[in-house]
Amino acid sequence: MEIKVLMENLTYSQNLKSQHGLSILITGENKKIIFDTAQNQDYIYNAISMNENIKDIDYVIISHGHYDHTGGLENFLRINQKAKIIMSKYAIEEKFSNSTGEMREIGFPIKERYKNYKNEFILIDDYYEITDEIKIYSNIEKKFEFENNEKKLFIKKDNKYVKDEFDDELYLVIKRGEKQALITGCAHRGIVNILSGIIKKTGNSKFIAVIGGIHTKGNGEERALKTAEELLKYEVDKYYLNHCTGIEEYAIIKGIMKDKSEYFYTGKKIEI
């Protein structure tokens, strides 16, 4: 199975674009899946540059409702009318950030018109199985207090801003022999919480890879150090980190994890 980064914050190729966002292509098990659609259509440009046909995609999985993971969905829907779109029923909630000092909307751009497209939207609240080997999980319990320090992200309920608990987060798990791979968009609920929760849900503690953003960016050196130390306790062959991990924070994590971690930049691909 091939996993390829269509878009994230960094690229080393003059032929590819990069942006603050995430989109990953998974090919295997007779399925082609896009996990997240970045901010805009640039991930489609990159896919074409990498000789990928968007019309061949069978599923799009939306990890959560932020614009940098959903902004390119409408461009996809204009090209591909057959793919199923899987996301949490909570992904269309109004989402906001005050990271700049002012409250601004950062949610799902087409929440008012996504039903206008022919594609089937599958809105889930817990679990979905694409194949015996490819499954989607949600509802991860928050156990580790050090990961519960997000204070700038909100949803709007009853015309009030309340802390976002990320009920909309989905996590993709792919079984590979006796091990499994975990793909996450931003790990807002905490990557250590998520690993612990996925082990509990699947009954499998062995991972061939953990892939995606882990939201250590902007959360300080102590959080990055603690995260790295905790991640080393798990049976994970390799961590392929990117996006909201943050470059500076990744450098801290890499210093602790050494060869157990690798930056997963735009255009890079792996086989699992």
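Now for a quick tour of the structure. (Residues numbered from 1 in each chain as written. Predicted model: local features only at pLDDT ≥ 70, side-chain atom pairs only at ≥ 80, totals over all residues. Heavy atoms only, no water.)

## Overview of the sheet that holds strand 1 (residues 2-7)
Pairing in this open sheet of seven strands is mixed, and the strands run 8-5-4-3-2-1-19 from one edge to the other. Here the strands that pair on one side only, and so sit at the sheet edges, are strand 8 (121-124) and strand 19 (269-271). Neighbour-to-neighbour, the strand axes of the sheet open up by a mean angle of 20°, direction not taken into account. In this fold helix 1 (residues 42-49) packs onto strand 1, strand 2 (23-28) and strand 3 (31-35), with an angle of close to 130° to the strand it touches most, strand 1. (Pairing = 2+ DSSP bridges. Helix = DSSP H or I, 4+ residues; strand = E, 2+ residues; numbered from the N terminus. Axes fitted to C-alpha atoms, helices over the stretch in contact; angles between N-to-C directions. Contact = heavy atoms within 4.5 Å.)

## Considering unusual backbone geometry
Even without being a glycine, Phe166 presents a positive backbone phi close to 60°. Looking at Phe166, the relative accessible area reads 2%, which means it is buried. A positive phi angle, close to 50°, is found at His243, a residue other than glycine. As for its placement among the helices and strands, His243 is situated in the loop between strand 17 (239-241) and helix 6 (247-257). (Buried < 20%, exposed > 50% of the residue type's maximum accessible area, 1.4 Å probe, protein only.)

## Regarding the nonpolar core
Counting residues in hydrophobic clusters, the biggest one holds 27 residues, and the most contacted among them are Ile3, Ile26, Leu172, Ile183 and Ile211. Setting aside residues no more than four positions away along its own chain, Ile211 makes contact with Ile3, Ile24, Leu182, Ile183, Thr184, Tyr240, Phe264 and Ile270. (Core = buried A, V, L, I, M, F, W, Y, C linked by side-chain atoms within 4.5 Å.)

## Side note on the packing of helix 4 (residues 191-202) against helix 5 (residues 221-231)
Between helix 4 and helix 5, the least distance of the axes is 10 Å, while the angle of their chain directions is 20°. In terms of orientation, helix 4 and helix 5 fall into the roughly parallel class. Taken together, the residues of helix 5 that come into contact with helix 4 (itself represented by Ile191, Val192 and Leu195) are Thr227, Glu230 and Leu231. Of the residues assigned to the contact of helix 4 with helix 5, the class counts are four nonpolar, one polar and one charged. (Parallel < 35°, antiparallel > 145°, perpendicular 65-115°, else oblique. Nonpolar A, V, L, I, M, F, W, Y, C, P; charged D, E, K, R; others polar.)

## So, the packing of helix 5 against helix 6
Here helix 5 crosses helix 6 at 35°, and the two axes come no closer than 9 Å. The handedness of the crossing between helix 5 and helix 6 is right-handed. Across from Glu221, Ala224, Leu225, Ala228, Glu229 and Leu231 in helix 5, the residues of helix 6 making contact are Glu249, Ile252, Ile253, Ile256 and Met257. Taken together, the residues of the contact of helix 5 with helix 6 sort by class into eight nonpolar, no polar and three charged. (Left-handed = near helix turned anticlockwise from the far one by under 90°.)

The quantities given are spatial measurements derived from coordinates; they are silent on function.
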